[in-house]
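# Understanding the architecture of this molecule
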Amino acid sequence: MEMEQLYKEHSDRVYSYIYFLVRHRESAEDLTQETFYKAYKGLDTFNKQASTATWLLKIARNVTYDYFRRKRVVHFFTFEKKHDIETKLLSPENRYEQKEQLIKMYDSLRKLKKDYQEVLLLRKIQECSIQETSYILGWTEAKVKMKMTRALEALKKEFHQEGGRKNGTIKRIR
């Protein structure tokens, strides 16, 4: 596959994944470029053990972790990015309430352990399969399932401590 085509097909997904990790637009852009540079250098060794998107996300994760090690950055996520919610039929009050619940959910997610944040980010936000998540994180599929279950429970608990509604946003991530 040609590198230009790879970039066109996967750069948005790689960028959004990295952006969730670093919280900074310029850094995410630089790390996305570095990801594709490393992919270009390793393209001939890609053995198609995983899908191209999964392979690129694994490279993106490694590039981002290298960045964190260089910068000694402690926090891994913030969710400042505005998420699109279909609110066309909602009243302004309901839209405001929905937005507040979503902010509380993201605040709750940010407080979880790094492993929980990663598995939730990959499975629920990036919509990776269990197999893809396993490959990216270097875990067994059983570990992904176990961490996912624990992460959802921890997120639910943290969300309710943040004052989130029981029947609100938390259900949407399942």
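Bear in mind the structure is a predicted one, so any value in this text is a computation, not a measurement.

### So, the packing of aromatic side chains
Summed over the entire model, instances satisfying the criterion amount to 4 aromatic pairs. Between Tyr7 and Phe36 the ring centres are 4.9 Å apart and the planes differ by 70 degrees, which places this aromatic pair in the edge-to-face class. One end of the pair, Tyr7, is in helix α1 (residues 3-22); the other, Phe36, is in helix α2 (residues 25-42), with 29 residues separating them in the sequence. Both rings, one in Phe46 and one in Trp55, keep their centres 4.3 Å apart while their planes meet at 25 degrees; by these two values the pair is stacked. Looking at Lys113, its charged tip hangs above the ring of Tyr116, at a distance of 4.7 Å from the centre.

### Remarks on the pattern of salt bridges
Per the counting criterion, the structure on display carries 8 salt bridges. For Glu29, the salt bridge is made with Arg25, and the minimal N-O distance between the two is 3.1 Å. Of this pair, Glu29 and Arg25 both sit in helix α2, separated by 4 residues, roughly a single helical turn. When its relative accessible area of 34% is taken as the criterion, Glu29 is described as partly exposed.

### Some points on unusual backbone geometry
One non-glycine residue, Arg23, lies in the positive phi region at around 65 degrees. Topologically, Arg23 is positioned in the loop between α1 and α2. A positive phi angle, near 60 degrees, is found at Glu127, a position not held by glycine. In this structure, Glu127 sits in the loop between α5 (114-125) and α6 (130-137). A residue is classified by how much of its surface remains accessible, and Glu127, at 64% relative accessible area, is exposed.

### Quick word on the packing of α1 against helix α3 (residues 52-71)
Running from N to C, α1 and α3 cross one another at 40 degrees; their axes reach a closest spacing of 10 Å. Our classification of the angle between α1 and α3 gives oblique. Handedness of the crossing formed by α1 with α3: right-handed. Mapping the contact onto sequence places Leu6, His10, Arg13, Val14, Tyr17, Ile18, Leu21 and Val22 in α1 and Thr52, Ala53, Leu56, Leu57, Ala60, Arg61, Thr64, Tyr67 and Phe68 in α3. Class assignment of the residues belonging to the contact of α1 with α3 gives a composition of 12 nonpolar, 3 polar and 2 charged.

Calculation criteria
Residues numbered from 1 in each chain as written. Predicted model: local features only at pLDDT ≥ 70, side-chain atom pairs only at ≥ 80, totals over all residues. Heavy atoms only, no water. Phe/Tyr/Trp six-rings, centres within 6.5 Å; stacked < 30°, edge-to-face > 60°. Helix = DSSP H or I, 4+ residues; strand = E, 2+ residues; numbered from the N terminus. Lys NZ or Arg CZ within 6 Å of the ring centre and 35° of its normal. Salt bridge = Lys/Arg side-chain N within 4 Å of Asp/Glu carboxyl O. Buried < 20%, exposed > 50% of the residue type's maximum accessible area, 1.4 Å probe, protein only. Axes fitted to C-alpha atoms, helices over the stretch in contact; angles between N-to-C directions. Parallel < 35°, antiparallel > 145°, perpendicular 65-115°, else oblique. Left-handed = near helix turned anticlockwise from the far one by under 90°. Contact = heavy atoms within 4.5 Å. Nonpolar A, V, L, I, M, F, W, Y, C, P; charged D, E, K, R; others polar.

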